[in-house]
Amino acid sequence: QVQLVESGGGLVQTGGSLRLSCAASGRTFSSYAMGWFRQAPGKEREFVAAISRSGSTTYYADSVKGRFTLSRDNAKNTVYLQMNSLKPEDTAVYYCAARKYSSTYSAAYAYSDWGQGTQVTVSS
């Protein structure tokens, strides 16, 4: 089990940037693949991006590809989601999640541990 704490959310104008961080507790962080999901009001939680244990492989939802970049620093037990060219439709609560066993990177059920979420609001 790993505890996750997100930070870096806030209010930004269309076209702006934010960097979300997810800090994990424990000494086994590198054994977890990590992902980000988001949930807008009235909508289901959706996959945003995922990264492998080593950080060598990343996956992105089509809606964020080319605008968001996911990275990790295993020495710091932290993953980073750099979000550029933000749009109003990116407004949501963003959740960091950890996945240890499943190879299904885009499904929420594959992740065992979740952070509390951080709000991202993009104004038009």
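Note: the structure precedes this text.
What counts and how
- Residues numbered from 1 in each chain as written.
- Predicted model: local features only at pLDDT ≥ 70, side-chain atom pairs only at ≥ 80, totals over all residues.
- Heavy atoms only, no water.
- Helix = DSSP H or I, 4+ residues; strand = E, 2+ residues; numbered from the N terminus.
- Rg over C-alpha atoms; globule rule 2.2 N^0.38 Å.
- Buried < 20%, exposed > 50% of the residue type's maximum accessible area, 1.4 Å probe, protein only.
- Contact = heavy atoms within 4.5 Å.
- Areas by Shrake-Rupley, 256 points an atom, 1.4 Å probe, with all protein chains shown as cover.
- Pairing = 2+ DSSP bridges.
- Axes fitted to C-alpha atoms, helices over the stretch in contact; angles between N-to-C directions.
- Salt bridge = Lys/Arg side-chain N within 4 Å of Asp/Glu carboxyl O.
- Core = buried A, V, L, I, M, F, W, Y, C linked by side-chain atoms within 4.5 Å.

Engineer: Looking at this structure, how should I read the overall build of the chain?
Structural biologist: Counting its secondary structure elements, the chain contains zero helices and 11 strands. For the chain, the α and β elements follow one another from N to C terminus as β-β-β-β-β-β-β-β-β-β-β. Computed over the C-alpha atoms, the radius of gyration of the chain is 13 Å, within 12% of the 14 Å expected from 2.2 N^0.38 for a compact globule of 124 residues. Seen along its three principal axes, the alpha-carbon backbone of the chain occupies a region of about 40 × 25 × 25 Å. Sorting the 124 residues of the chain into buried and exposed places 45% on the buried side. Across the chain, the fraction of contacts at a sequence separation of at least 24, relative to all contacts at a separation of at least 6, is 58%. When the accessible surface of the chain is totalled, it reaches about 6,300 Å², and 47% of it is carbon and sulfur.

Engineer: Would you mind showing me how to read the sheet that holds strand 3 (residues 18–24) here?
Structural biologist: Across a sheet, strands are paired by hydrogen bonds formed along the backbone, either parallel or antiparallel in direction. Read across the sheet, four strands follow the order 1-3-8-7 without closing on themselves; strand pairing throughout is antiparallel. In this open sheet, the two edge strands, each paired with only one partner strand, are strand 1 (4–7) and strand 7 (68–73). Strand-to-strand, the axes of this sheet are offset by a mean angle of 15°, without reference to chain direction.

Engineer: Would you take a moment to explain the pattern of salt bridges for this structure?
Structural biologist: Pairs can form between side chains of opposite charge once their charged atoms are near each other. Taken as a whole, this structure holds four salt bridges when the rule is applied. The partner of Asp 90 in a salt bridge is Arg 38, and the shortest N-O contact between them spans 2.9 Å. Within this pair, whereas Asp 90 is found in the loop between strand 8 (78–83) and strand 9 (92–99), its partner Arg 38 is found in strand 4 (residues 33–39), the two being separated by 52 residues in sequence. A salt bridge links Arg 67 to Asp 90; the nearest nitrogen and oxygen atoms lie 2.7 Å apart.

Engineer: What am I meant to see in the pairing of strand 4 here?
Structural biologist: Within a regular strand, side chains alternate between the sheet's two faces. With six of seven residues buried, strand 4 lies mostly within the body of the structure. By the bridge criterion, five bridges tie strand 4 to strand 5 (residues 46–51) in an arrangement that is antiparallel. Counterpart to Phe 37 in the pairing with strand 5 is Phe 47. Between strand 4 and strand 5, which follow one another and run antiparallel, lie six residues, and Gly 42 among them has a positive phi close to 75°.

Engineer: Whenever I open this one, the nonpolar core confuses me. Can you help?
Structural biologist: Across soluble globular proteins, you tend to see nonpolar side chains buried next to one another. Residues Met 34, Trp 36, Leu 81, Met 83 and Tyr 94 are the most contacted members of the largest nonpolar core, which totals 36 residues. Among the secondary structure elements, those contributing two or more residues to this core are strand 3, strand 4, strand 5, strand 7, strand 8, strand 9 and strand 11 (118–123).

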